[in-house]
Amino acid sequence: MKFINLKLSSLLTSICSALLSLLGFSCSSPTEDMYGTPTGDFEIKGSVTSEEGKAVADAEIRVTSSDAPSEIFSFTTVATDAEGQYIAIGESYANREVKMVCIPSSPELEADSVIVKLNYNKDHASSWYEGEAKETVDFKLKPKVSIKQ
């Protein structure tokens, strides 16, 4: 009798497991991702100049989450060309704001940062994909102030 009860218990456990698995599949749609963090693609372009209007070449542009240190995590990092132009392309989380940090290669210029609100074009968006954002951000860097003693 014990053997029959054990087999019956095992059979019922297997049936319940199969039904729970089917229930999980029936709750999801085949066209939507079920897990993860919503993301979107971005393209941010612009220029970096000094206050005098001179192009700043080889400045490092970091695009990161607005609440994360840029030296630890960045969505993307690019450098300006000889004319001070840059294009940063990447993917970000759906918080819709990114922090951009501009670090000049010249020790005579101050670094700068700005928070940018990404406005996603939702033409191709889905429940987990926010779409694409295109923004323009120009930096005008100030000279470093030297403190004489």
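So, a few notes on the structure that sits alongside this text. (Residues numbered from 1 in each chain as written. Predicted model: local features only at pLDDT ≥ 70, side-chain atom pairs only at ≥ 80, totals over all residues. Heavy atoms only, no water.)

## What to know about the overall build of the chain
1) Next: When its secondary structure is counted, the chain shows 1 helix and 9 strands.
2) Next: Taken from N to C terminus, the helices and strands of the chain fall in the order α-β-β-β-β-β-β-β-β-β.
3) Next: Evaluated residue by residue, the chain yields a buried proportion of 30% over its 149 residues.
4) Next: The long-range share in the chain, meaning contacts at least 24 apart out of those at least 6 apart in sequence, stands at 64%.
5) Next: For the chain, the accessible area works out to roughly 10,200 Å², and carbon and sulfur atoms hold 56% of it. (Helix = DSSP H or I, 4+ residues; strand = E, 2+ residues; numbered from the N terminus. Buried < 20%, exposed > 50% of the residue type's maximum accessible area, 1.4 Å probe, protein only. Contact = heavy atoms within 4.5 Å. Areas by Shrake-Rupley, 256 points an atom, 1.4 Å probe, with all protein chains shown as cover.)

## A closer look at the packing of aromatic side chains
1) Next: Tallied over the full model, the rule gives 2 aromatic pairs.
2) Next: Seen in terms of ring centroids, Phe-42 and Phe-75 are 6.4 Å apart; in terms of plane orientation they differ by 65 degrees. Their pairing is edge-to-face. With Phe-42 in strand 1 (residues 39-50) and Phe-75 in the loop between strand 2 (60-65) and strand 3 (76-79), this pair connects stretches of sequence that are 33 residues apart.
3) Next: Looking at Phe-75, the relative accessible area reads 17%, which means it is buried.
4) Next: Aromatic side chains Phe-73 and Phe-75 sit 5.1 Å apart centroid to centroid with 80 degrees between the ring planes, which places their arrangement in the edge-to-face category.
5) Next: The class of Phe-73 is partly exposed, set by a relative accessible area of 31%. (Phe/Tyr/Trp six-rings, centres within 6.5 Å; stacked < 30°, edge-to-face > 60°.)

## Notes on the pairing of strand 2
1) Next: Among the 6 residues that make up strand 2, 5 are buried, leaving the element largely enclosed by the rest of the structure.
2) Next: Sheet topology places strand 2 next to strand 3; 4 bridges connect them, and they run antiparallel. Bridging across to strand 3, Glu-60 finds its partner in Ala-79. (Pairing = 2+ DSSP bridges.)

## A word on the side chain of Thr-49
1) Next: For Thr-49, the position within the fold is in strand 1.
2) Next: When sequence neighbours within four positions are dropped, the list of residues in contact with Thr-49 reads Lys-54, Ala-55, Val-56, Phe-139, Lys-140 and Leu-141.

## Overview of the nonpolar core
When a protein is soluble and globular, its nonpolar side chains tend to lie buried together.
1) Next: Residues Ile-44, Val-48, Tyr-86, Met-100 and Phe-139 are the most contacted members of the largest nonpolar core, which totals 22 residues.
2) Next: Broken down by secondary-structure element, the contributors of at least two residues to this core are strand 1, strand 2, strand 4 (85-93), strand 5 (97-103) and strand 9 (139-141).
3) Next: Contacts of Ile-44, omitting those with residues within four sequence positions, involve Val-63, Tyr-86, Ile-87, Ala-88, Val-98, Met-100, Leu-118, Glu-135 and Val-137. (Core = buried A, V, L, I, M, F, W, Y, C linked by side-chain atoms within 4.5 Å.)

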